[in-house]
Amino acid sequence: MDDLTAGQLHALKSLARKKSGEDISFVKIGDAQALTELGLAERSREGWDITTAGAAFLARLSPLSSDDAEPMAPPTRLHAIDPD
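Model, not experiment: these values are computed from the prediction. (Residues numbered from 1 in each chain as written. Predicted model: local features only at pLDDT ≥ 70, side-chain atom pairs only at ≥ 80, totals over all residues. Heavy atoms only, no water.)

1. Looking at the pattern of salt bridges
Moving on, step 1. Enumeration over the complete set of coordinates arrives at two salt bridges.
Moving on, step 2. The residue Glu22 makes a salt bridge to Arg17 at a minimum N-O spacing of 3.4 Å.
Moving on, step 3. You can call Glu22 partly exposed: its relative accessible area is 42%.
Moving on, step 4. One salt bridge connects Lys18 with Asp49, and the closest N-O pair in it is separated by 3.2 Å. Of this pair, Lys18 sits in helix H1 (residues 6-19) while Asp49 sits in strand E2 (residues 47-50), and the two are 31 residues apart along the sequence.
Moving on, step 5. On the basis of relative accessible area, Lys18 is assigned to the partly exposed category, the value being 24%. (Salt bridge = Lys/Arg side-chain N within 4 Å of Asp/Glu carboxyl O. Buried < 20%, exposed > 50% of the residue type's maximum accessible area, 1.4 Å probe, protein only. Helix = DSSP H or I, 4+ residues; strand = E, 2+ residues; numbered from the N terminus.)

2. Points about the side chain of Thr51
Moving on, step 1. Mapped onto the elements, Thr51 comes out in the loop between E2 and helix H3 (52-60).
Moving on, step 2. Filtering out sequence-adjacent residues up to four positions away, Thr51 remains in contact with Gly39, Leu40, Ala41 and Glu42. (Contact = heavy atoms within 4.5 Å.)

So, in structure tokens, the structure goes:
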């Protein structure tokens, strides 16, 4: 199950965003069906929804993958302050 295609992983992340209340674009039916067969998604009246197993799968991935990470602030220089 750890061998999801890029499309399936994108669909699973989209379904997670949908569960959190975000509006998402359509997911590819083939990707959603594959996720359903793996138990990571399920069909509903509104399309597909992420399952508890799907959410757990995403949680096991690195906490912030490169496409989800927020950009880091540029480094700042530290200057010693003369106490006198």
